[in-house]
Amino acid sequence: MKFGQVADPTGVNFKLPKDAAATTQVLSKAKGKQFEVYVGCAKWNKSDLKNFYPKGTKDELPYYATQFNSIELNATFYGMPTAEQVIKWTEKTPGDFKFFPKLTNSISHFKRLTADSLPLAETFCNAIANFENKLGMAFLQLHDRFSPNEAEKLSNFVKHFPKGIPLAVEVRNEAWFSDPLHWGAFCELLEKNKMANIIVDTAGRRDMVHMRLTTPEAFIRFVGCNEEAIDKKRLDDWIKRIEKWHEQGLKKLYFFVHQNVELSSPLLSAYFIQKLNKRLGLELHVPQLPADEKQKKMF
């Protein structure tokens, strides 16, 4: 994931901002003590996660699903999924595994949420409904140039999105974050429709670490900068914030680790899970490295 990449991350202020006041209000309304956590990578294919798989692994998804409990499914962004494809993916994973498919770019980037994108959204949702209880949440990532000038299209799309399919939304255009009125209207739209506001933590776009939750579910896309000490410190800070949110009422955490050099994503994920388990008393499986020592050294 090269979005937000910078040449020298050592000069970036990675400190997490304070929570938006509305975040505390949203979490305070949550009831019950149940807390679900899903951590994963963006892809499972061997070319991106080179040296993560044991030698001889031919079908990556079943092995990936033994190490992680979820996947941020970017494959569906590049092509409309079919029911048959979704069923095959479902059959290869254990019962507690969750998929988080990204809406196809024909909807978000080519049609740009025009009225005729809604039938495509329905086709998409009909396909991913076959994940059944393994569907975590679909997510809509808007084009960098999709600005508040197109807010009416977004509002219409959100209001008419197929019911029964949970949705999270990620806006990228800087104007959403720089204008309090536009930002407030966007967050209000999501909160009213019970949709999650995606947080993206990446070096070159610190405005996207907005810390504004619109539901008691936190959907976080963490992009490492490939500087181990910096990235681990960033993850430590996230663990502290998640602990705080959990105490305030956070119900679900979806945390997906990206890297500009993707092969180190499993390592960062393992570090994060290990620390999160200790801090919150969880028992999430910690991803294991291959047994081959040569492969270990390549991470």
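Residues numbered from 1 in each chain as written. Predicted model: local features only at pLDDT ≥ 70, side-chain atom pairs only at ≥ 80, totals over all residues. Heavy atoms only, no water.

Below, the discussion takes up the overall build of the chain. When helices and strands are tallied, the chain shows twelve helices and nine strands. Its C-alpha atoms give the chain a radius of gyration of 19 Å, near enough to 19 Å, the size a compact globule of 299 residues would have. Counting all 299 residues of the chain, 56% fall into the buried class. Long-range pairs, those at least 24 residues apart, make up 76% of the contacts in the chain between residues at least 6 apart in sequence. With the model as given, the accessible surface of the chain reaches about 13,800 Å², and the carbon-plus-sulfur share is 51%. Of the charged side chains in the chain, 43 are positive and 35 negative, and the gap between their average positions amounts to 2 Å. (Helix = DSSP H or I, 4+ residues; strand = E, 2+ residues; numbered from the N terminus. Rg over C-alpha atoms; globule rule 2.2 N^0.38 Å. Buried < 20%, exposed > 50% of the residue type's maximum accessible area, 1.4 Å probe, protein only. Contact = heavy atoms within 4.5 Å. Areas by Shrake-Rupley, 256 points an atom, 1.4 Å probe, with all protein chains shown as cover. Lys, Arg positive; Asp, Glu negative; His and termini not counted. Charge placed at Lys NZ, Arg CZ, Asp CG, Glu CD.)

Attention now moves to the environment of lysine 92. Of note, lysine 92 is situated in the loop between α4 (83-91) and β3 (98-101). Along the chain, lysine 92 and tyrosine 63 lie 29 residues apart, while their C-alpha atoms are 9.1 Å from each other. Ignoring sequence-local partners within four residues, the contact set of lysine 92 consists of Asp59, Leu61 and Pro62.

By size, the foremost hydrophobic cluster in this structure holds 59 residues, and its most contacted members are Tyr64 and Leu154. Aside from chain neighbours lying at most four places away, what touches tyrosine 64 is Gly40, Cys41, Lys43, Trp44, Leu49, Phe52, Tyr53, Ser70, Ile71 and Phe97. (Core = buried A, V, L, I, M, F, W, Y, C linked by side-chain atoms within 4.5 Å.)

This model, assessed by the stated rule, comprises 27 aromatic pairs. Note on phenylalanine 139 and phenylalanine 219: the rings are 5.3 Å apart at their centroids and 55° apart in plane angle, and the pair reads as tilted. Linking phenylalanine 139 in strand β4 (residues 138-141) with phenylalanine 219 in strand β8 (residues 217-224), this pair joins segments that are 80 residues apart in sequence. Take phenylalanine 139 and phenylalanine 219: they sit in the same class, and that class is buried. An aromatic cluster of at least three residues, connected via ring pairs, comprises Trp44, Phe52, Tyr53, Tyr63, Tyr64, Phe68, Trp89, Phe97, Phe99 and Phe131. The ring of phenylalanine 77 has lysine 102 sitting right over it, with the charged end atom 4.6 Å from the ring centre. (Phe/Tyr/Trp six-rings, centres within 6.5 Å; stacked < 30°, edge-to-face > 60°. Lys NZ or Arg CZ within 6 Å of the ring centre and 35° of its normal.)

One open sheet holds the six strands; their spatial order is β3-β2-β1-β9-β8-β7, and the pairing between them is parallel. One side of each edge strand has no neighbouring strand; the edge strands of this open sheet are β3 and β7 (199-201). Across the sheet, the axes of successive neighbouring strands diverge by a mean angle of 25°, strand direction being ignored. In this structure, β7 lies alongside β8, joined through three bridges in parallel fashion. (Pairing = 2+ DSSP bridges. Axes fitted to C-alpha atoms, helices over the stretch in contact; angles between N-to-C directions.)

A separate point is the pairing of strand β2 (residues 70-73). Covered by surrounding structure in β2 are Ser70 and Glu72 together with Ile71 and Leu73, the residues of both alternating faces. Judged from the two bridges that link them, strand β1 (residues 36-41) and β2 form a sheet pairing that is parallel. Bridging across to β2, cysteine 41 finds its partner in isoleucine 71. Running through helix α2 (residues 60-67), the crossover from β1 to the neighbouring parallel element β2 is right-handed. Summarising the sheet, β2 and β3 pair through four bridges and their orientation is parallel. Across the sheet, the residue bridging to isoleucine 71 is phenylalanine 99, located in β3. (Right-handed = clockwise from strand over helix to strand, strands pointing away.)

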